[in-house]
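Understanding the architecture of this molecule
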Amino acid sequence: MKKIMVMLITAVALLSASNAHALGECGMACCISGSIGSGATLAQNFGLSLVYEKSEMNTIKKGTDSISTDTAIDNNWSSGTSYKVPVTMRMQKYTLVGVKPVSERAQLVLYVPYVINDMEMRNKSGMGMIMDMQMPTVEGLGDITLLGLYTLYTDAPVRPGARLTIGAGLKTPTGATQERTNSGTLTHAMMQPGSGSWDPIVMLNYMKGYYPLVLQANLFYQMATEGRNGYEFGDQLAIDLISRYQVHKYVNLGIDLNGIYAGKDVDHDGRYSAPATSLVDDTANTGLVSILLSPVVQAKLPGNGGSAELKIQLPIYQNANGEQLVLDWRAIGRLAWTF
């Protein structure tokens, strides 16, 4: 039972990010890319997990350099035209995840997110007046994802010394893409609960066990397609290095290193674009390369078949196209059970 819970919770850990936005977010890459890297393919029963995630974005990057909100405004503002720049953004998400084995080597993972997005903007009017404003909260069902996992090779059914797993799946356009502000204009694309697109996902995982130390490497690719409202988020490529060390029969400690490349977005119909008046509504300010360092603690809850995990994701390198609001930190907490 203990092995099953550790496998499930790590699979869920990697299934916990919001839609792929060029805001320093690692998007789905950080969550799904490692979903098979923790022994999820060894689960024997149906598993259920509840995940809470909070992301804070307060820094604007121009390339690798941090710039202030006022500098970003001055870089883009022209007399006679107002210009808006984000001051801060908070993304929260509750995710229900189910894991179901369908054979000794295959599993299905279902990811159902509910997102809550808040943003504060700073506006400089055409006359040069500065005003901060709080945008209305945007929340709702996000994009549901279904992932299939298959173990190509394992040298043992339990506590393998080596295992190779492939995965393929599809992100569906279940989240709303037409949320509007109080004035009736479309909310920024990165604040919408969904992307409106069907995105294929492929991945590859290799695990090597040196018990009590387990090491994993993941390769992930998400091919973003055009959404139903004409907006297309950039493709994502991610490489993840994961380590877990059992320090006690109920406790694992670990650290992850995530490298992410996100391509530029394309607004085919121009519905979400206003490059002359808003930094976040300019697709030139999308796409980035980032590296995240993530300390992790996992614990089995004795006597009740449950597990808990806390992960903190911290960016150690970010190189943004144009000028972008990027991730400062993300905290992920989760509880998991098997039945």
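Quantities reported herein were computed from a predicted structural model and do not represent experimental measurements. (Residues numbered from 1 in each chain as written. Predicted model: local features only at pLDDT ≥ 70, side-chain atom pairs only at ≥ 80, totals over all residues. Heavy atoms only, no water.)

Some remarks on helix α3 (residues 69–76)
Looking at α3, one finds that the buried residues are T69, A72 and I73. Projected onto a plane normal to the axis of α3, the buried residues spread over an arc of 100° and lie on a single side. On its buried side, α3 packs onto β2 (59–63), β3 (65–67), β4 (83–101), β5 (106–124) and β17 (306–326). (Buried < 20%, exposed > 50% of the residue type's maximum accessible area, 1.4 Å probe, protein only. Helix = DSSP H or I, 4+ residues; strand = E, 2+ residues; numbered from the N terminus. Arc of directions from axis to C-beta. Contact = heavy atoms within 4.5 Å.)

A word on the packing of aromatic side chains
Ring pairs (aromatic) are described by centroid distance and by the angle formed between their planes. Scanning the entire structure with this criterion turns up three aromatic pairs. Measuring from centroid to centroid gives 5.0 Å for Y52 and Y94, while their planes differ by 50°, and the two rings are tilted. Of this pair, Y52 sits in strand β1 (residues 47–57) while Y94 sits in strand β4, placing them 42 residues apart in sequence. Take Y52: its relative accessible area is 27%, and that puts it in the partly exposed class. In this structure Y94 comes out as partly exposed when scored by relative accessible area, which is 40%. Through successive ring pairs, a cluster of aromatic residues spans Y231, F233 and Y272. Positioned over the ring face of W77 is K124, at 4.0 Å from the centre of the ring. A cation over a ring is seen here: R159 above Y211, with NZ or CZ 4.0 Å from the ring centre. (Phe/Tyr/Trp six-rings, centres within 6.5 Å; stacked < 30°, edge-to-face > 60°. Lys NZ or Arg CZ within 6 Å of the ring centre and 35° of its normal.)

Observations regarding the pattern of salt bridges
Applying the stated rule across the entire model yields 13 salt bridges. With its nearest N and O atoms 3.0 Å apart, the salt bridge here joins K311 to D256. Remark: D256 occurs in strand β14 (residues 251–262) and K311 occurs in strand β17; sequence separation between them is 55 residues. As far as the burial class goes, K311 and D256 line up, both buried. (Salt bridge = Lys/Arg side-chain N within 4 Å of Asp/Glu carboxyl O.)

Comments concerning the environment of D269
Looking at the secondary structure, you find D269 in the loop between β15 (266–267) and β16 (288–301). Accessibility expressed as a relative area gives 51% for D269, which makes it exposed. A C-alpha to C-alpha distance of 7.2 Å links D269 and Y231, two positions 38 residues apart in sequence.

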